[in-house]
Amino acid sequence: MKIYNTLSKKKEEFVPIEEGKVRMYVCGPTVYNLIHIGNARPMIVFDTVRRYMEHKGYEVNYVSNFTDVDDKIIKKAIEEGVEAGVISQRYIEECKKDMEAMNVKPATTHPLATDEIGGMLEMIQTLEKKGYAYKAADGTVYFRTRNFKEYGKLSHKNLDDLQGGNRSLLVSGEDQKEDSLDFVLWKPKKEGEPYWESPWCNGRPGWHIECSVMSKRYLGDEIDIHAGGEDLVFPHHENEIAQSEAANGKPFARYWMHNAFLNIDNRKMSKSAGNFFTVRDIGEKYDLQILRFFMLSAHYRSPLNFSGELMEAAKSGYERIVTSVGNLNYLLKNGLPDSMCGNEEALLKELEGFCVKFDEAMDDDFNTADAISSIFELVKFANTYAGEGSSAPFVRAVKEKIVELSDICGLKVEKEEELLDGEIEKLIGERQAARKAKNFARADEIRDELLNKGILLEDTREGVKWKRV
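Residues numbered from 1 in each chain as written. Predicted model: local features only at pLDDT ≥ 70, side-chain atom pairs only at ≥ 80, totals over all residues. Heavy atoms only, no water.

Enquirer: Would you mind showing me how to read the sheet that holds strand 11 (residues 262–264) here?
Expert: Here three strands make up an open sheet; going across it, the order is 12-11-13 and the pairing mixed. Here the strands that pair on one side only, and so sit at the sheet edges, are strand 12 (267–268) and strand 13 (304–306). Bridge analysis of strand 11 against strand 13 gives three bridges, and the strand direction is parallel. Residue pairing in the sheet places L262 in a bridge with L304 of strand 13. Across the sheet, helix 9 (residues 288–296) lies against strand 11 and strand 13, angled at about 145 degrees from strand 13, the strand it touches most. (Pairing = 2+ DSSP bridges. Helix = DSSP H or I, 4+ residues; strand = E, 2+ residues; numbered from the N terminus. Contact = heavy atoms within 4.5 Å. Axes fitted to C-alpha atoms, helices over the stretch in contact; angles between N-to-C directions.)

Enquirer: Explain the environment of R90 to me, please; I cannot follow it from the model alone.
Expert: Among the structural elements, R90 can be located in helix 3 (residues 84–101). Setting aside chain neighbours within four positions, we find R90 in contact with K76 and E80.

Enquirer: Help me out: how do you make sense of the nonpolar core in this one?
Expert: Nonpolar side chains in soluble globular proteins tend to end up buried together. One finds I37, M53, M102, I225, L291, F366 and I402 to be the most contacted residues of the largest nonpolar core, which totals 91 residues. In terms of residue count, the dominant contributor to this core is helix 1 (residues 37–55) (nine residues). In this structure, I402 is in contact with I321, S324, V325, L328, I375, L378, V379 and A382, ignoring residues within four places of it in sequence. In this structure, V63, A113, A246 and F252 belong to the second largest nonpolar core, which totals 42 residues. (Core = buried A, V, L, I, M, F, W, Y, C linked by side-chain atoms within 4.5 Å. Buried < 20%, exposed > 50% of the residue type's maximum accessible area, 1.4 Å probe, protein only.)

Enquirer: Before we go on, may I ask you to explain the packing of helix 1 against helix 9 in this structure?
Expert: Two quantities define a packed helix pair, namely the angle between the axes and the distance from one axis to the other. The N-to-C vectors of helix 1 and helix 9 enclose an angle of 75 degrees; their axes lie 10 Å apart at closest approach. The angle between helix 1 and helix 9 falls in the class roughly perpendicular. Residue-level inspection shows I37, A40, R41, I44, D47, T48 and R51 of helix 1 in contact with helix 9, the latter providing L291, R292, M295 and L296. For the contact of helix 1 with helix 9, the residue count by class is six nonpolar, one polar and four charged. (Parallel < 35°, antiparallel > 145°, perpendicular 65-115°, else oblique. Nonpolar A, V, L, I, M, F, W, Y, C, P; charged D, E, K, R; others polar.)

Enquirer: Looking at this structure, how should I read the sheet that holds strand 8 (residues 203–205)?
Expert: In any sheet, the strands associate via hydrogen bonds between backbone groups, in a parallel or an antiparallel arrangement. Reading across the sheet, the four strands line up as 5-6-7-8 and stay open at both edges, with antiparallel pairing between neighbours. Sheet topology places strand 5 (133–135) and strand 8 at the edges, where each strand pairs with a single neighbour. Across this sheet, the average inter-strand angle for adjacent strands is 20 degrees, counted without regard to direction. Two elements, strand 7 (residues 183–188) and strand 8, share three bridges in a ladder whose sense is antiparallel.

Worth remembering: the numbers are spatial, not functional.
Written out as structure tokens, the structure is:
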């Protein structure tokens, strides 16, 4: 299995620190509002990475945090006249609902920044003792960036170029810094803000120290994979490396994975541009399994463009798999021979070829686009060879393989059977009787009536099928 490592800028063979186990940290959202579809991409991508690792037999300790203390959370709390914790808890719960709808598995641990303040104070004190941190006059604690000689190794940036050319990277309070590139580890409270006592001042942690501490507590000083969106490479992940390696004296993460940006109709998503969509917005129009399918239809390191047209294409692709599985289940319910017949045993051997293709795609830096193509090939195989004359063992094996590969991608393709209420069952029976009596006008009326009730009928060679729309 090869992973593209942002640190080395090349694909590397994955070798875990501990055989059979994977320690993985993924930066989670700041919880001040409903998550947007940009947040959804890393959630879906790295959940799929986790699922594939588990499929390969690894025990994955997957940690993804919630940042529950932040300027935006505090601002919203002040606007609503409530404690910051009320805002963060509200949107943590809403985020979990959206994650469940996207079939993103709960992390092994979802730490909250506010629960880990003690560890942050300890790490900052360690950095201070080692000469990597210093206190300014107002109680702010900064990290001495130049004391960490490898600073810039993840983002491949040069410190002198950063200091000389990009003033936008600097933060307020630079006049009290020893160096303009030093970054905040702890900052004093402002009026009305939540705060914690510390050796330096009553205040709260800087953003970067939070992830370093949560990763250390739940995964150890050194981890296998650290992941997130490419916007986090600099400065967040660069600063995490500096803090963690300076404090712990060990390499922080072996592999750094970053997904590319999501654009909306070829433009950057923003509220001011009027093209900002929450996951909940998309869920009003589409099953969020379709959003997941869409996200996996491109390689995670490739920029992804979101549009209505592309979502419709994703819907068609996803439904093609669902329909195939539904047809196979229909065949199994209607009685098939218990023994394989004809060349079915030979055909079954071909199933492994689709699995090999799937694994080859995923082993090559988690190429989900090619992995899904192998599922489509399997669907084509099913549509060609699994029919009324097939045996139950053959049909079942084909169906189970489609479901298995789809599940590795987190795609639910086997829908739970829904029960029609008595009125609709009666209408379907009446329509069948009308067709038999060649009263096609009445049959069409019933079809339209059912469609108005959200039931789409499909006349197939296996009989009448229906689905909700």
